[in-house]
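Here is what each chain is made of, one letter per residue.
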Amino acid sequence: MERAVRAQFPISAGILFGLGLGGFFDGIIFHQVLRWHHMLSTWYPMNSIQNYELNTFWDGIFHSATYLFVVAGLFILWRTAQRFHLYWSSKLLAGSILIGFGGFNVVEGLVDHHLLGIHHVNEIVDPAYRFYFDAGFILWGILMLIIGWILLRQGQREGDPEGLVRQRAAR
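Within every chain, residues take consecutive numbers counted from 1 along the sequence as written. Two thresholds apply to this predicted model, a pLDDT of at least 70 for residue-level local features and 80 or more for giving and counting side-chain atom pairs, whereas whole-chain, interface and lining totals are computed over all residues. Computation of side-chain values: all heavy atoms of the structure, hydrogens and water removed.

### Notes on the overall build of the chain
Each helix is a run of DSSP H or I of at least 4 residues and each strand a run of E of at least 2, with the numbering of both proceeding from the N terminus. Helix and strand counts for the chain come out as four helices and two strands. Secondary structure elements of the chain, listed N to C terminal, follow the sequence β-α-α-α-α-β. Buried, partly exposed and exposed residues are distinguished by accessible area as a fraction of the type maximum, computed with a 1.4 Å probe on protein chains only: under 20%, between the cut-offs, and over 50%, respectively. The buried share of the chain, reckoned over its 171 residues, is 40%. Throughout, a contact is declared for two residues whenever any of their heavy atoms are within 4.5 Å. Long-range contacts, defined as pairs at least 24 residues apart, comprise 79% of the intrachain contacts of the chain with a sequence gap of at least 6. When the accessible surface of the chain is summed, it comes to about 10000 Å², and 67% of that surface belongs to carbon and sulfur atoms. To measure how exposed things are, a 1.4 Å probe is used in the Shrake-Rupley method; for residues, cover is taken only from the protein chains shown.

Here it is as structure tokens:
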């Protein structure tokens, strides 16, 4: 037996995906590919094997946390999709992912780069230029938040054409 219920896309799942993808991007591109910084590289500069090992350990902890964000997002999306026939919206998914990704950049940029100073986006440039990379990282996050919010609002306005989805009967 099915009953009609209001369509709801699990926005929290998309935000968690975005947080995880933002962390993956930061860790893979900035930590590993470009090697601009590591998790604690301002506190423990990459000038000894001991500091390198400490930084890569905390990089791993960071990557594990971002992985958990993605797993949590997948779990929420899966559970919601099992209970309801969802209205799948590319705008809602992309918007919520951008909100999560942008939120990651803004929070990580403000907390890690400025408040705690545990690392900067690019530590291989002259210290006089590090602020510009850090500010650009935050501005990039703000831009993603704005675009994500616009897409999310558009997706919410479009909604399910029928306005309803069918809830699956309890198993």
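### Considerations on the packing of helix 3 (residues 90-115) against helix 4 (residues 130-158)
Between the N-to-C directions of two axes lies an angle of 0 to 180 degrees, each axis being a line fitted to C-alpha atoms and, for a helix, fitted only over the stretch in contact. At a closest axis distance of 7 Å, the pairing of helix 3 and helix 4 adopts a crossing angle of 155°. Between helix 3 and helix 4, the crossing angle belongs to the class labelled roughly antiparallel. Judged by the sense of rotation from one axis to the other, the crossing of helix 3 with helix 4 is left-handed. The nonpolar class holds Ala, Val, Leu, Ile, Met, Phe, Trp, Tyr, Cys and Pro. Asp, Glu, Lys and Arg form the charged class, and all remaining residues, Gly among them, are polar. A class-by-class count of the residues in the contact of helix 3 with helix 4 yields 19 nonpolar, 13 polar and four charged. These descriptions rest on fixed angle ranges, namely under 35 degrees for roughly parallel, over 145 for roughly antiparallel, 65 to 115 for roughly perpendicular, and the rest for oblique. Here is the rule for handedness: rotate from the far helix to the near one, and if that takes an anticlockwise turn smaller than a right angle the crossing is left-handed, while a clockwise turn gives right-handed.

### Section: the nonpolar core
Buried Ala, Val, Leu, Ile, Met, Phe, Trp, Tyr and Cys residues form a nonpolar core when they are joined through side-chain atoms within 4.5 Å. L16, L19, F30, W36, M39, L40, F62, F104, I118, V121 and F137 together form the largest nonpolar core, which totals eleven residues. Of the residues forming this core, the biggest block, three residues, is contributed by helix 1 (residues 11-33). In this structure I118 touches M39, L40, S41, T42, W43 and D112, once residues within four positions along its chain are discounted.

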